[in-house]
Amino acid sequence: MNSPLFERVRGIAADILGVGPSQIMPQSSSENIETWDSVHHLNLILAFEQEFGVQLEPEEIDQMNNVERIIRILEQKLNHHG
Amino acid sequence: MAIAIQPYGADLIPAVKAFNQRLAAGGGVAPEFHFPENNIPHWLPQLEGRRIHQEYYLAVDGNCVRGGFILKYQDFFLHGKPQPLVYYHLPVSEGIINKAYAGVGVHMLRSALKLQPMLFALGMGGFDRPLPQMLKAMGWSLCAVPFYFRVNHPAKFLREVAPLRETKSRRLLAALAAVTGVGWAGIKLTNSLRTSSSERGLFVEQVEGFTERDDDLWKQCREHYILIADRACTTLNLLYPRSKNFLCIKVSRASRFIGWAVLLDTQMRDNKYFGNMRLGSIVDCLALPENALAVMQAAMQFLEQRGVDLIISNQSHHAWGGALKSSGFLETRSNFIFGASKPLAELLSPFQNNQNQVFLNRGDGDGPVNL
């Protein structure tokens, strides 16, 4: 996965979770990144909303617990936005 | 499967029990943070015609419960006008023990805000806890509700209070101060230097509850605070039922009723903060701001006469904080945090300037369990 979207998500996630960008992979998740707790999860959500100008629904938020799903949900949102 | 937020139905009781068992097994989550194992609230259930009540919500993932929160609906008065508000409390998420569910806390909070934008939170255990951090990130306005204490029996206080027992050296110093009387003398001197002389001519009576006659005072007082929860007699009798250990006192001056206080006198047993002290709490109170000192002194003397070792109170309004300080109370770091959602904070704007004109105390919290 080397899409521009992935690179933007990787940069944001690395910054918020306090890890190197190389540690953010599609399979990275709250289960394998130590600092990814509930507070950091919220900060990720808020950062994605700001960066991509989207509003994430409560139902989407707890599904976004790994990078692959984050990309999928953001892609859907951005396509829907047109 | 996507997690859905839904009201707590009786069919989900076994799933809540399983959720609590996972919390207990997974990380030693204390029982007070387990979600209620009955879908009908024991405290303030929803009954026809009752404005103040609680509703339980769950985060449900197929047949499993992954979290829950409570909404307490209550009428407030904002700038003297009725304003219903909703208190968001006891959010518990499986994310505490399993990071695969790290998003459940945010999901629940956003869902609660969608249901009720005029939301607030109270208590929360300190700014460093996850919930206040999440609220802050979401743009809520937060402030501590100041905590005050007064030591009546210094020797016991020095032996029992938790911060003095945290390290070996502190324990030794506290024990020495307790035995030699040095600590006793210091605390007594501090109390006497800080305490204003008591007002003469006050009449204090212990009562069994509140009546409609007390509502005149409530109607006068609600105009004097930027934000205050309904304290009409019907609400007070629900919050402080006779069956519990609440001590209600009414204070009069020259035969005129000027205020009341609800108190607790509790013998602690190996409490993590208060050891084995006999703890007096000023749970709730009401008076015009200018009569706060008279009511606080009456409450303090009432509890002193009962023999409590320590008296504590949380009060947000400056007049009540000032009254406690003038009664010999000391202020220390408070873990009792008030958080206002964005729409509520806008109504309290400027929040930083107005926070000490909001009237909040322990009585506005999550009920008898944490008083």
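In what follows, the structure referred to is the one given above.
Computed from a prediction, not measured in an experiment: that's the story for all the values here. (Residues numbered from 1 in each chain as written. Chains lettered and ligands numbered in written order. Predicted model: local features only at pLDDT ≥ 70, side-chain atom pairs only at ≥ 80, totals over all residues. Heavy atoms only, no water.)

## A closer look at the overall build of chain A
Here is step 1 of the chain: Regarding its fold elements, chain A presents four helices and zero strands.
Here is step 2 of the chain: Relative to its full complement of 82 residues, chain A shows a buried share of 49%.
Here is step 3 of the chain: Within the structure as shown, chain A displays about 4,200 Å² of accessible surface, and the carbon and sulfur contribution to it stands at 44%. (Helix = DSSP H or I, 4+ residues; strand = E, 2+ residues; numbered from the N terminus. Buried < 20%, exposed > 50% of the residue type's maximum accessible area, 1.4 Å probe, protein only. Areas by Shrake-Rupley, 256 points an atom, 1.4 Å probe, with all protein chains shown as cover.)

## Observations concerning the overall build of chain B
Here is step 1 of the chain: A tally of helices and strands in chain B yields twelve helices and 16 strands.
Here is step 2 of the chain: A buried classification covers 55% of the 371 residues belonging to chain B.
Here is step 3 of the chain: In chain B, the share of contacts with a sequence separation of at least 24, taken over all contacts with a separation of at least 6, comes to 69%.
Here is step 4 of the chain: Here chain B has roughly 16,700 Å² of accessible surface; of this, 53% comes from carbon and sulfur atoms. (Contact = heavy atoms within 4.5 Å.)

## Focus on the sheet that holds strand β7 (residues 147-151) of chain B
All names here are of chain B.
Here is step 1 of the chain: Pairing in this open sheet of seven strands is mixed, and the strands run β8-β10-β11-β12-β13-β7-β14 from one edge to the other. Both outer strands of the open sheet, β8 (202-207) and β14 (330-332), are each paired with one neighbouring strand and no more. For this sheet, the mean inter-axis angle between neighbouring strands, taken without regard to orientation, is 30 degrees.
Here is step 2 of the chain: Sheet topology places strand β10 (residues 247-253) next to strand β11 (residues 256-267); seven bridges connect them, and they run antiparallel. (Pairing = 2+ DSSP bridges. Axes fitted to C-alpha atoms, helices over the stretch in contact; angles between N-to-C directions.)

## Quick word on the packing of helix α1 (residues 4-17) of chain A against helix α2 (residues 38-52) of chain A
Residue and element names in this part refer to chain A.
Here is step 1 of the chain: Across the interface, α1 lies against α2 with an axial gap of 10 Å and an inter-helix angle of 140 degrees. When the axis of α1 is compared with that of α2, the two are oblique. For the pair α1 and α2, the sense of crossing is right-handed. Listed contacts from α2 to Leu5, Arg8, Val9, Ile12, Ala13, Ile16 and Leu17 of α1 are His40, Asn43, Leu44, Ala47, Phe48, Glu51 and Phe52. (Parallel < 35°, antiparallel > 145°, perpendicular 65-115°, else oblique. Left-handed = near helix turned anticlockwise from the far one by under 90°.)

## Considering the pairing of strand β12 (residues 278-287) of chain B
All names here are of chain B.
Here is step 1 of the chain: Extensive coverage of β12 is indicated by the burial of nine of its ten residues.
Here is step 2 of the chain: Pairing analysis gives nine bridges linking β11 to β12, with the strands arranged antiparallel. Looking across to β12, one finds that Asp265 is bridged to Gly280.
Here is step 3 of the chain: Across three bridges, β12 lies against strand β13 (residues 310-314) in parallel orientation. Residue Gly280 lies in a different strand from β13, and its bridge partner there is Ile311.
Here is step 4 of the chain: Tracing the backbone out of β12, into helix α9 (residues 292-306) and back to the parallel element β13 gives a crossover that is right-handed. (Right-handed = clockwise from strand over helix to strand, strands pointing away.)

## Thoughts on helix α10 (residues 318-326) of chain B
Here is step 1 of the chain: Every buried residue of α10 of chain B is listed here: Ala319, Trp320, Gly321, Ala323 and Leu324 of chain B.
Here is step 2 of the chain: Phi turns positive, to about 90 degrees, at Gly328 of chain B, one or two residues after α10 of chain B.

## Section: the interface of chain B and chain A
Here is step 1 of the chain: The partner chain A presents 24 residues to the 18 residues of chain B that form the contact.
Here is step 2 of the chain: Counting each side, the surface lost to burial between chain B and chain A is near 1,700 Å², with a carbon and sulfur contribution of 61%.
Here is step 3 of the chain: Summed over the shared surface of chain B and chain A, the result is two salt bridges.
Here is step 4 of the chain: A salt bridge links Glu57 of chain A to Lys114 of chain B; its shortest N-O distance comes to 2.7 Å.
Here is step 5 of the chain: Secondary structure elements with two or more residues in the side of chain B that touches chain A: α2 (104-115) and α3 (130-137) of chain B.
Here is step 6 of the chain: No other element matches α2 of chain B, which puts six residues into the side of chain B that touches chain A. (Buried area = accessible area lost by both parts, 1.4 Å probe. Salt bridge = Lys/Arg side-chain N within 4 Å of Asp/Glu carboxyl O.)

## A short note on the pattern of salt bridges
Residues and elements named next belong to chain B.
Here is step 1 of the chain: Under the criterion given, the structure shown has 16 salt bridges over all chains.
Here is step 2 of the chain: The closest approach of N and O atoms between Arg66 and Asp61, which form a salt bridge, is 3.1 Å. Assigned by exposure class, Arg66 and Asp61 land together as buried.
Here is step 3 of the chain: The salt bridge involving Arg306 is made with Asp265; its shortest N-O contact spans 2.8 Å. Of this pair, Arg306 sits in helix α9 while Asp265 sits in strand β11, and the two are 41 residues apart along the sequence.

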